[in-house]
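# Observations on chain architecture
What follows is each chain in one-letter form.
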Amino acid sequence: MRIVLLGAPGAGKGTQCKRIVSKYGLLHLSSGDILRQERSAGTELGKKAQGYMDSGALVPDEIIVEMMAGAIIKASESGFVLDGFPRTVDQAAQLDKSLKSSGKKIDAVLSLQIDDKVVAQRMTGRRSCPKCGAVYHIENLKPKVNGICDGCGSKLIQRPDDTPEVVANRLRTYHQQTKPVVDYYKKNGTFYDIDANSDASDVTALVIGHLDKMAPVGSRCRIL
Ligand code: AP5
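Residues numbered from 1 in each chain as written. Predicted model: local features only at pLDDT ≥ 70, side-chain atom pairs only at ≥ 80, totals over all residues. Heavy atoms only, no water.

So, on to the site of the ligand. Near the ligand lie 36 residues; those nearest to it are Thr15, Ala57, Arg87, Arg126 and Arg170. Contact distances for the ligand include 3.3 Å between an oxygen atom and a backbone N or O atom of Ala11. In the environment of the ligand, an oxygen atom lies 2.6 Å from a nitrogen or oxygen atom belonging to the backbone of Ala57. For the ligand, whose free accessible area comes to 1,000 Å², the fraction covered by protein is 97%. Elements that contribute at least two residues to the shell around the ligand include exactly α1 (13–24), α2 (31–40), α6 (116–124), β6 (135–137) and α8 (200–211). Tallying contributions element by element places α2 first for the shell around the ligand, with four residues. There are two domains that each give the shell around the ligand at least three residues, and those are domain 1 (2–114 + 164–221) and domain 2 (116–158). (Near = heavy atom within 4 Å. Polar contact = N/O pair within 3.5 Å; in protein donor to acceptor, adjacent residues only side chain to side chain. Areas by Shrake-Rupley, 256 points an atom, 1.4 Å probe, with all protein chains shown as cover. Helix = DSSP H or I, 4+ residues; strand = E, 2+ residues; numbered from the N terminus. Domains from an automatic or database assignment.)

Moving on: the pattern of salt bridges. Counted by the stated rule, this structure contains eleven salt bridges. Of the charged contacts in the structure, one is a salt bridge between Asp54 and Arg39, with a shortest N-O distance of 3.0 Å. With Asp54 in helix α3 (residues 44–55) and Arg39 in helix α2, this residue pair connects regions lying 15 residues apart in the sequence. Judged by its relative accessible area of 23%, Arg39 falls in the partly exposed class. (Salt bridge = Lys/Arg side-chain N within 4 Å of Asp/Glu carboxyl O. Buried < 20%, exposed > 50% of the residue type's maximum accessible area, 1.4 Å probe, protein only.)

Our next topic: the side chain of Ser76. Of note, Ser76 is situated in the loop between α4 (61–75) and β3 (80–83). By relative accessible area, Ser76 is classed as buried at 2%. Beyond its immediate stretch of four places on either side in the chain, Ser76 contacts Arg2, Leu99 and Lys104. (Contact = heavy atoms within 4.5 Å.)

Secondary-structure assignment places Arg159 in the loop between β6 and α7 (164–187). A relative accessible area of 14% means that Arg159 is categorised as buried. Polar side-chain contacts of Arg159 include one of 3.0 Å to the side chain of Asp161. Not counting the four nearest positions on each side in its chain, Arg159 is found in contact with Arg36, Arg126, Ser128 and Arg170.

Counted under the stated rule, the structure contains one cavity of 30 Å³ or more. The calculated volume of the largest cavity comes to roughly 40 Å³. What lines the largest cavity is simply Leu5, Leu6, Gly7, Lys13, Gly84, Phe85, Pro86, Arg87 and Thr178. In terms of residue class, the lining of the largest cavity is built from four nonpolar, three polar and two charged. (1 Å grid on protein atoms, 1.4 Å probe; cavity = no way out; pocket = protein on both sides within 12 Å on 5 of 7 lines; lining within 4 Å. Points joined across faces, edges and corners; volume = space filled by probe spheres on them. Nonpolar A, V, L, I, M, F, W, Y, C, P; charged D, E, K, R; others polar.)

This paragraph deals with α1. For α1, which comprises twelve residues, the first-to-last C-alpha distance of 16 Å matches the rise-based estimate of 16 Å (1.5 Å per residue) to within 8%. Most of α1 is tucked away, with nine of its twelve residues classed as buried. When we look at burial in α1, the residues that qualify are Lys13, Gly14, Thr15, Gln16, Cys17, Ile20, Val21, Lys23 and Tyr24. Here the buried face of α1 lies against β1 (2–7), β2 (27–30), β3, β4 (108–113), β6 and α8. Count one or two residues on from α1 and you reach Gly25, which has phi positive near 70 degrees. (Expected span 1.5 Å × (residues − 1).)

All right, on to the domain arrangement of the chain then. With domains assigned, the chain is organised as domain 1 (2–114 + 164–221) and domain 2 (116–158). Each of domain 1 and domain 2 has a C-alpha centre, and the two are 20 Å apart. Contacts between the two partners involve 16 residues from domain 1 and, on the opposite side, ten residues from domain 2. Both faces considered, domain 1 and domain 2 share a buried interface measuring about 1,100 Å² in area, 61% of it formed by carbon and sulfur atoms. Taken together, the links from domain 1 to domain 2 amount to zero salt bridges. Along the contact surface separating domain 1 from domain 2 lie five residue pairs in polar contact (both at pLDDT 80 or more). Counting residues per element, the ones that place at least two in the side of domain 1 that touches domain 2 are α1 and α7. Ranked by residue count, the leading element in the side of domain 1 that touches domain 2 is α7, at four residues. Its residues assigned to classes, the side of domain 1 that touches domain 2 comprises seven nonpolar, six polar and three charged. (Buried area = accessible area lost by both parts, 1.4 Å probe.)

What follows is the structure, given as structure tokens:
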């Protein structure tokens, strides 16, 4: 399966992607995680992206498309779920073109719908693992030991772009530049709207309800 997960900042894309990859054995390609890795490694790409990310703006399309293209083509045999990419209509069109050149396409697009007022609460309470990328919340999805990652034992951090001012900018950017991607996919292929305002496991059940219809039979029975 080649899947795109769309949604506003804090809609739960990362949270749901981790569950999807664990159930269906797909690769999780998150443009935000790749950019943060580039930044921590101090690469040229990371330095170029820094200012955009810290202000809540999008990194320019040409940088992102080049960064994602190789990884997507490599993962397109085993299947993938894209998180945070594409985020503009131009990125979506370039993704389609690149997959088409190798005889492939996106099989389904899931769009997580969330109210803006829920986003603020989720973002300010988010804690992330800088090592393995696991995502927690101080109230909704607590780690077993406060401040420590269940998976790898690293100290959890708060993302620098999760301040109220930057979150407000990221939401504005989403409505102006990423919402049109929803309309693009509604016209081009299999598209599902998912209510993402409820509890994470309720959202997972909705996601799986759609993906199970497409998944090979053997992959449907794994328990999350
Ligand atoms: P990116 O890292 O992609 O950030 P984002 O899209 O703003 O999404 P988030 O990671 O903040 O949220 P999420 O939807 O994954 O939610 P999560 O599961 O963590 O991008 C960062 C920046 O990089 C961008 O601003 C941009 O500058 C740049 N960038 C990236 N891709 C780009 C591209 N393609 N083009 C240009 N620029 C790009 O959940 C949030 C919190 O809520 C967590 O604490 C979680 O535990 C909790 N939670 C999740 N689900 C639920 C639930 N159902 N109920 C209660 N709590 C929940």
